[in-house]
Amino acid sequence: MPDPHDVPSAPLSESAFLKAVRGEPVPHTPVWFMRQAGRSLPEYLAIREGVGMLESCMDPALVIEITLQPVRRYGVDAAIFFSDIVLPLKAVGVDLDIKPGVGPVVAEPVRTLADVEAIPDLTPEHVPFITQAVRGLVAELGGTPLIGFAGAPFTVASYLVEGGPSKDHAKTKAMMFGAPDVWDALMRKIAGISASYLEVQVGAGASAIQLFDSWAGALTPRDYREHVMAHSTRVLERAGALGVPRIHFGVGTSNLLALMGEAGADVVGVDWRTPLDDAIGRVGDRAVQGNLDPTLVFAPTEVMTARAGEIIEAGRAARGHVFNLGHGVLPSTDPDQLKRLTDFVQAYSLG
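These numbers come from a predicted model, not from an experiment.

## Let's talk about the sheet that holds strand S6 (residues 246–250)
Then, in step 1: With parallel pairing, the seven strands of this open sheet are ordered in space as S1-S4-S5-S6-S7-S8-S9. The open sheet terminates on both sides in strands that have one partner only, identified here as strand S1 (79–80) and strand S9 (321–322).
Then, in step 2: Here strand S4 (residues 146–151) pairs with strand S5 (residues 208–213) via five bridges, running parallel. Paired with phenylalanine 149 across the strands is glutamine 210, a residue of S5.

## Description of the pattern of salt bridges
Then, in step 1: Inspection of every chain in the model, using the stated rule, returns 15 salt bridges.
Then, in step 2: Across the salt bridge formed by aspartate 266 and arginine 246, the nearest N and O atoms sit 3.0 Å from each other. Here the residue aspartate 266 occupies a position in the loop between helix H14 (257–262) and strand S7 (267–269), and arginine 246 occupies one in strand S6, the gap between them amounting to 20 residues.
Then, in step 3: Owing to a relative accessible area of 16%, arginine 246 belongs among the buried residues under this scheme.
Then, in step 4: Among the charged side chains, a network of salt bridges with common partners joins Glu14, Lys19, Arg22 and Glu24.

## A short note on the pairing of S5
Then, in step 1: When you tally the buried positions in S5, you get six out of six residues, the bulk of the element.
Then, in step 2: Both faces of S5 are covered, namely the face carrying Ala208, Gln210 and Phe212 and the face carrying Ile209, Leu211 and Asp213.
Then, in step 3: Where S5 meets S6, five bridges bridge the pair, whose relative direction is parallel. Across the sheet, the residue bridging to glutamine 210 is isoleucine 247, located in S6.

## Brief notes about the pairing of strand S2 (residues 96–99)
Then, in step 1: The side-chain alternation of S2 yields one buried face, formed by Leu96 and Ile98, and one unburied face, formed by Asp97 and Lys99.
Then, in step 2: Bridging between S2 and strand S3 (residues 103–106) involves four bridges; their strand directions are antiparallel. Bridging from a neighbouring strand, leucine 96 pairs with valine 106 of S3.
Then, in step 3: The hairpin turn running from S2 into S3, its antiparallel successor, is three residues long, and glycine 101 in that turn takes a positive phi close to 80 degrees.

## Notes on the packing of aromatic side chains
Then, in step 1: Across all of its chains, the model carries seven aromatic pairs by this definition.
Then, in step 2: Relative to tyrosine 74, the ring of phenylalanine 33 lies with its centre 6.3 Å away and its plane at 85 degrees, an arrangement referred to as edge-to-face. Remark: tyrosine 74 occurs in helix H5 (residues 60–74) and phenylalanine 33 occurs in the loop between helix H2 (16–21) and helix H3 (42–48); sequence separation between them is 41 residues. Considered together, phenylalanine 33 and tyrosine 74 belong to a single accessibility category, that of buried residues.
Then, in step 3: Seen in terms of ring centroids, phenylalanine 154 and tryptophan 183 are 6.1 Å apart; in terms of plane orientation they differ by 65 degrees. Their pairing is edge-to-face. Of this pair, phenylalanine 154 sits in helix H9 (residues 153–162) while tryptophan 183 sits in helix H11 (residues 180–203); the two residues are 29 residues apart in sequence, bridging distant segments of the chain.
Then, in step 4: Ring-pair connections join several aromatic residues into one group, and the members of that group are Phe149, Phe212 and Phe249.

## Points about the nonpolar core
Then, in step 1: With 122 residues, the main nonpolar core has Phe17 and Leu341 as its most contacted residues.
Then, in step 2: Top element by residues in this core is H11. It accounts for 12 residues.
Then, in step 3: When sequence neighbours within four positions are dropped, the list of residues in contact with phenylalanine 17 reads Pro30, Trp32, Asp77, Ala78, Pro145, Ile147, Ala208, Ile247 and Val322.

## Describing the side chain of serine 214
Then, in step 1: In this fold, serine 214 is placed in the loop between S5 and helix H12 (221–227).
Then, in step 2: The contact partners of serine 214, leaving out residues within four places of it in the chain, are Ile85, Thr155 and Val251.

## Digging into the packing of helix H15 (residues 276–283) against helix H16 (residues 301–315)
Then, in step 1: Contact geometry of H15 with H16 gives a least axis separation of 9 Å together with a crossing angle of 25 degrees. Taken together, the axes of H15 and H16 are roughly parallel relative to one another. Once H15 is placed against H16, the crossing between them reads as right-handed. For the pair H15 and H16, the contacting residues are Leu276, Asp277 and Ile280 in the first and Ile311, Ala314 and Gly315 in the second.
Then, in step 2: Residue classes in the contact of H15 with H16 are distributed as four nonpolar, one polar and one charged.

Conventions used here
Just so you know, the residues in each chain are numbered from 1, in the order the chain's sequence is written. Reporting of local features is limited, given that this is a predicted model, to residues whose pLDDT is at least 70; pairs of side-chain atoms are given and counted only at 80 or more, and all residues count toward the totals for whole chains, interfaces and linings. Heavy atoms throughout the structure, all of them, feed into the side-chain values; hydrogens and water do not. Here a strand pair is declared whenever DSSP counts at least two bridges between the two strands. Secondary structure elements follow DSSP: runs of H or I of four or more residues count as helices, runs of E of two or more count as strands, with numbering from the N terminus. Here, a salt bridge means any side-chain nitrogen of Lys or Arg that lies within 4 Å of a carboxyl oxygen of Asp or Glu. Partly exposed residues are those whose accessible area sits between 20% and 50% of the maximum for their type, while under 20% is buried and over 50% is exposed, using a 1.4 Å probe and protein chains only. When two rings of Phe, Tyr or Trp (its six-membered ring) have centres within 6.5 Å they constitute a pair, described as stacked for plane angles under 30 degrees, edge-to-face for angles over 60, and tilted for the intermediate range. Working definition of a nonpolar core: buried Ala, Val, Leu, Ile, Met, Phe, Trp, Tyr and Cys residues. They are joined through side-chain atoms within 4.5 Å. Contacts are assigned to residue pairs with any non-hydrogen atoms lying within 4.5 Å of each other. An axis is simply a line fitted to the C-alpha atoms; with a helix, the fit covers only the stretch in contact. Between two such axes, the angle follows the N-to-C directions and lies from 0 to 180 degrees. What sets the label is the angle itself: under 35 degrees gives roughly parallel, over 145 gives roughly antiparallel, 65 to 115 gives roughly perpendicular, and the rest give oblique. Crossings are classed by handedness, with left-handed meaning an anticlockwise turn of the near helix from the far one by less than a right angle and right-handed meaning a clockwise turn. Think of it as three bins: nonpolar holds Ala, Val, Leu, Ile, Met, Phe, Trp, Tyr, Cys and Pro, charged holds Asp, Glu, Lys and Arg, and polar takes everything else, Gly as well.

Note that all results are geometric; they support no functional claim without further evidence.
Quick look at the structure:
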């Protein structure tokens, strides 16, 4: 990695990633991968051996190393901060853990207004390790932008209400429809925590942010607009006030793309289920991110790159396009194949 003192500030602002998210002409289509910070990398598995997920997210040295690993290996155009969607809750004192093979598990799920009020607001003092890690990363990354990370209110709320992962989100929706006062208080609480978490990352040097709403696809457009959208907007507005580009991503959100853009996104992430050209027509004058099916990296290289080329071509119709998978890197992905994909995207002629 270059010495940050040898790298002037201009290269960072002129990076292909930041130019694309601002809707400016780019030298090549920028590429990074969700869950690129680990999962499939042998060096990640080695450094994480015997270390719990949340423990690793609270160790600045580990966060720095894990975030840098895919940048070193693939040469991607942006780094994504290594964290977890529930880490801010853990930091403020919520009793939860991430169980291997299960996901986040909350000891005492939220049911009442008193439960909501018992959750502290997040301050920088709760997460000094985040400030330390981001500052260290920015120094190491030089001209490569760092993307800050946070979970969107609906998705984080679903873990708190369900007590863990859920396929139908029945308890979450029961609260949303049946106890709107508790729901509104919970969503406001989480929005404040997520926004503060992003503010810490941007304040320490992150160049952009991504708000993950992994489970928003469980909602109808009406329910998203009436019960969720305003809370995501609060998070995105606070991030936008810091002057950084905002990416908003959800899974299975084809019917919500327009609303997710209206919530305050500069870039709308598109999962693999929606053709990118269709998505571009829905998000308005915004950049898009995506959206190769993560399983295509298991196909022959020429099949994978042919589909990637189609996505790059479709992306040219958008205000800006950041190439990515349509969700996270699968754990059994061959890192060499992901490197071939990165090289293909970066070398693809936009002339």
